[in-house]
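Below are the chains, spelled out letter by letter.
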Amino acid sequence: MRKILVLCTGNACRSQMAEAYLRYFTRGNAEIYSAGLQPDQVHPLVVEVMLEDNIDMSFAQSNHLGDFSGQHFDYLITVCKNAEESRPADITADHYFFYDIPNPAFSPAEEEEEKLSVFINVREEIKRKMLRFIGQRDEFHVLGESSMEF
């Protein structure tokens, strides 16, 4: 079974959403993990916007990158520039992917509606990128399924 690690700075927004979508899109055909360089609590708006897409993340917890020290993955995906530049040498992968996705928690939006909109936009960007990532790899396709629509 393929192993995927998604890495970002805080493991509070982007990597959490990416992990959730990868779990959904691979349908149990991969082991999916996420971690942060400096983990923080999962942002409440992540839980809210993912629930709108029928993914319950109310029990999600942030993981520290150190928890994966010395491990090897088939794919290591970084979703922010900081994580890409600070990737530790003791976590290796056969394939590396980098997506520079803005952190919705750092949005200058002040109104709650605006903040929610920013999180939704980032969620949609992550969903598209993760769906494309999975769609381009035959090892994740389940026989008999015609599409991976969400």
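If you're wondering where the values come from, they're calculated on a predicted model, not measured in any experiment. (Residues numbered from 1 in each chain as written. Predicted model: local features only at pLDDT ≥ 70, side-chain atom pairs only at ≥ 80, totals over all residues. Heavy atoms only, no water.)

For the rest of this paragraph, the subject is the pairing of strand β3 (residues 72–78). Most of β3 is tucked away: six of the seven residues are buried. As paired elements, strand β1 (residues 2–8) and β3 share four bridges and run parallel to each other. Pairing of Val 6 across the sheet is with Ile 77, part of β3. (Buried < 20%, exposed > 50% of the residue type's maximum accessible area, 1.4 Å probe, protein only. Helix = DSSP H or I, 4+ residues; strand = E, 2+ residues; numbered from the N terminus. Pairing = 2+ DSSP bridges.)

What follows covers the state of the cysteines. If you walk through the whole model with that rule in mind, you get zero disulfides. Here Cys 8 stays unpaired: no disulfide links it, and the sulfur of Cys 80, its closest cysteine neighbor, is 5.4 Å away. The exposure class of Cys 8 is buried, given its relative accessible area of 2%. No disulfide involves Cys 13; its nearest neighbouring cysteine sulfur is the one of Cys 8, lying 7.6 Å away. Residue classification places Cys 13 among the buried positions, given a relative accessible area of 3%. (Disulfide = S-S within 2.5 Å.)

Read across the open sheet, the four strands follow the order β2-β1-β3-β4; overall the sheet is parallel. Where the open sheet ends on each side, the last strands, each with one partner, are β2 (30–36) and β4 (92–98). On average, adjacent strands in this sheet sit at an angle of 25° to one another, irrespective of strand direction. (Axes fitted to C-alpha atoms, helices over the stretch in contact; angles between N-to-C directions.)

This next bit is on the pairing of β2. Successive residues of a regular strand alternate their side chains across the two faces of the sheet. With five of seven residues buried, β2 is to be regarded as a mostly interior element. Alignment of β1 against β2, held across seven bridges, turns out to be parallel. Within β2, the residue paired with Arg 2 across the bridge is Ala 30. Each parallel crossover has a hand, and for β1 linked through helix α1 (residues 14–26) to β2 it is right-handed. (Right-handed = clockwise from strand over helix to strand, strands pointing away.)

In this section: a negative patch on the surface. Together, Glu 48, Glu 110, Glu 111, Glu 112, Glu 113 and Glu 114 line one region of the surface with negative charge. Broken down by element, the negative patch gets its largest block of residues, three residues, from helix α4 (residues 112–135). Mapped onto the secondary structure, Glu 113 falls in helix α4. Owing to a relative accessible area of 70%, Glu 113 belongs among the exposed residues under this scheme. (Patch = residues over 30% accessible without salt bridge, like charges linked within 9 Å, V, L, I, M, F, W, Y side chains within 5 Å. Areas by Shrake-Rupley, 256 points an atom, 1.4 Å probe, with all protein chains shown as cover. Salt bridge = Lys/Arg side-chain N within 4 Å of Asp/Glu carboxyl O. Lys, Arg positive; Asp, Glu negative; His and termini not counted. Charge placed at Lys NZ, Arg CZ, Asp CG, Glu CD.)

That is the geometry; function is a separate question.
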